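Here are the chains, one letter per residue:
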Amino acid sequence: MTPRRIHRAVADETRASSPPAGPAGAGIVLDHVNKHFFHNGTAIIALANVSLSVAVGEFVSVIGPSGCGKSTLLRIIGGLLAPDGGRVRIGDATPAEARAAKRFGFVPQTPALLPWRSVAGNVTLLRDVGRLPWRRQAGSGPEASGDAASDPMALLAQVGLGSFARSLPRELSGGMQQRVSLVRAFALGSPILLMDEPFAALDEITRDAMRYQLLDIWGQTHKTVVFVTHSIPEAVILSDRVVTMAARPGRVASVEEITLARPRTEDMEDSEEFSFHAHHVRTALRASWEGREP
Ligand SMILES: Nc1ncnc2c1ncn2[C@@H]1O[C@H](COP(=O)(O)OP(=O)(O)O)[C@@H](O)[C@H]1O
Ligand SMILES: [Mg+2]
């Protein structure tokens, strides 16, 4: 089957605005969301009529020029910022309710580790302060493997930091610190991860490796992820769908469904199918820069 034939939708407005029915539809739903800010007395429309749905367990990336509202979108989903208009639902809850119920984990651009706590201390911090119930079970089977997927020590080992559990953050490189931050987010029981350019401060080689480590740990948990990035290859290799936003006003310009099979591998980056999707996202992004339809 050619990539063109299996490619289903570049700008699938219908799917973007109406979630599928049934349990898979109980993810994130934004319906005609608006948000403006005032800057020096002038209104800035950060988000205009943004409609988007993310299914449970789906990995969606958001890409777009600086200032197009990506962080605003993430903060609205996460209940950190209220929209001016429109509706946001996290399953059957409002973002504020979902936030109070600890349904979100955030991964910021910089790791924000506590410098006086060890790596292990940092990844278990939120558990220690009673943020979420965390159980460690012996034995095997689905129950135990579910727990193993959020066992901080197992996750640290998986990202190659097993022997750094007692180290302090300052003894780690930037890439290693960001891996700790990822582990911390995945070790929480939160079913939704909101990631705002988590790899932006890393060099290209580290960043490449991090993609696959992220996919590895995501593959065990299948948390629902909204991932903001500036990198087209990163968005394509990670995601089920890539949402391209345009600026002034911030809006959804197009949605690309990524049909690459899972699990994703580095070889796929050389495939025709990968190039096909990357080309579509690049075209949409270029159009959004130039302020025209893709
Ligand atoms: N708290 C704020 N006060 C005023 N303007 C803001 C605020 N937050 C964001 N903005 C503006 O809203 C627009 C979208 O910002 P943001 O969501 O941070 O964009 P992105 O993450 O895509 O770079 C920008 O023009 C930004 O300057
Ligand atoms: Mg931002």
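Here is a short report on the structure shown in this document. (Residues numbered from 1 in each chain as written. Chains lettered and ligands numbered in written order. Predicted model: local features only at pLDDT ≥ 70, side-chain atom pairs only at ≥ 80, totals over all residues. Heavy atoms only, no water.)

1. Quick word on helix 3 (residues 70-77)
Then step 1. The buried count for helix 3 comes to six of eight residues, which makes it a mostly enclosed element.
Then step 2. Every buried residue belonging to helix 3 is among Lys70, Thr72, Leu73, Leu74, Ile76 and Ile77, and all of these are buried.
Then step 3. Positive backbone phi, at 75°, marks glycine 79, one or two positions downstream of helix 3. (Buried < 20%, exposed > 50% of the residue type's maximum accessible area, 1.4 Å probe, protein only. Helix = DSSP H or I, 4+ residues; strand = E, 2+ residues; numbered from the N terminus.)

2. Regarding the sheet that holds strand 6 (residues 192-196)
Then step 1. Strand order in the open sheet formed by six strands is 5-6-7-3-8-9, and the pairing between neighbours is mixed. A single partner strand is all that each edge strand has here, and the edge strands are strand 5 (104-107) and strand 9 (251-257). Strand-to-strand twist in this sheet, taken as the mean axis angle between neighbours without regard to direction, amounts to 20°.
Then step 2. Across five bridges, the pairing between strand 3 (residues 59-63) and strand 7 (residues 224-229) is parallel. Bridged to phenylalanine 59 within strand 7 is valine 225.
Then step 3. Strands strand 3, strand 6 and strand 7 of the sheet are contacted by helix 9 (residues 204-221), whose axis makes an angle of about 170° with strand 7. (Pairing = 2+ DSSP bridges. Axes fitted to C-alpha atoms, helices over the stretch in contact; angles between N-to-C directions. Contact = heavy atoms within 4.5 Å.)

3. Topic: the sheet that holds strand 4 (residues 85-90)
The strands making up a sheet associate through hydrogen bonds between their backbones, and the pairing can be parallel or antiparallel.
Then step 1. Taking strand neighbours across the sheet as the criterion, the three strands line up as 2-1-4 in an open arrangement whose pairing is antiparallel. At either end of the open sheet lies a strand with only one pairing partner, and these are strand 2 (42-54) and strand 4. Neighbour-to-neighbour, the strand axes of the sheet open up by a mean angle of 30°, direction not taken into account.
Then step 2. Looking at chain direction, strand 1 (residues 28-39) and strand 4 are connected through five bridges and run antiparallel. Paired with valine 29 across the strands is arginine 89, a residue of strand 4.

4. Describing unusual backbone geometry
Then step 1. Cis geometry marks the peptide bond from arginine 248 to proline 249, where omega comes out at -5°.
Then step 2. By secondary structure assignment, the location of proline 249 is in the loop between strand 8 (241-246) and strand 9.
Then step 3. Omega for the peptide link from arginine 262 to proline 263 comes to 0°, which places this bond in the cis form.
Then step 4. Position of proline 263 relative to the elements: it lies in the loop between strand 9 and helix 11 (272-290).

5. Thoughts on the site of ligand 1
Then step 1. In the neighbourhood of ligand 1, the contacting residues comprise Phe37, Ile44, Ala46, Pro65, Ser66, Gly67, Cys68, Gly69, Lys70, Ser71 and Thr72.
Then step 2. Interatomic distance of 2.8 Å between a side-chain N/O atom of lysine 70 and an oxygen atom of ligand 1.
Then step 3. The separation between an oxygen atom of ligand 1 and a polar side-chain atom of threonine 72 is 2.5 Å.
Then step 4. For ligand 1, the protein covers 64% of the area, taking 560 Å² as the surface of the free molecule.
Then step 5. No other element matches helix 3, which puts three residues into the shell around ligand 1.
Then step 6. For the shell around ligand 1, a count of residues per class yields five nonpolar, five polar and one charged. (Near = heavy atom within 4 Å. Polar contact = N/O pair within 3.5 Å; in protein donor to acceptor, adjacent residues only side chain to side chain. Areas by Shrake-Rupley, 256 points an atom, 1.4 Å probe, with all protein chains shown as cover. Nonpolar A, V, L, I, M, F, W, Y, C, P; charged D, E, K, R; others polar.)

6. Considerations on the packing of aromatic side chains
When we look at a pair of aromatic rings, we describe it by the centre distance and by the angle of the planes.
Then step 1. The full count for this structure, using the stated rule, is four aromatic pairs.
Then step 2. Ring geometry for phenylalanine 59 and phenylalanine 227: centres 5.7 Å apart, planes at 45°, overall tilted. Of this pair, phenylalanine 59 sits in strand 3 while phenylalanine 227 sits in strand 7, and the two are 168 residues apart along the sequence. Here phenylalanine 59 matches phenylalanine 227 in class, with each residue buried.
Then step 3. Centroid distance phenylalanine 199 to phenylalanine 227: 5.8 Å. Interplanar angle 65°. Geometry classified as edge-to-face. Placement of the pair is phenylalanine 199 in the loop between strand 6 and helix 9 and phenylalanine 227 in strand 7, with a sequence separation of 28 residues.
Then step 4. When its relative accessible area of 1% is taken as the criterion, phenylalanine 199 is described as buried.
Then step 5. Among the aromatic residues, those joined into a cluster by ring pairs are Phe59, Phe199, Trp218 and Phe227. (Phe/Tyr/Trp six-rings, centres within 6.5 Å; stacked < 30°, edge-to-face > 60°.)

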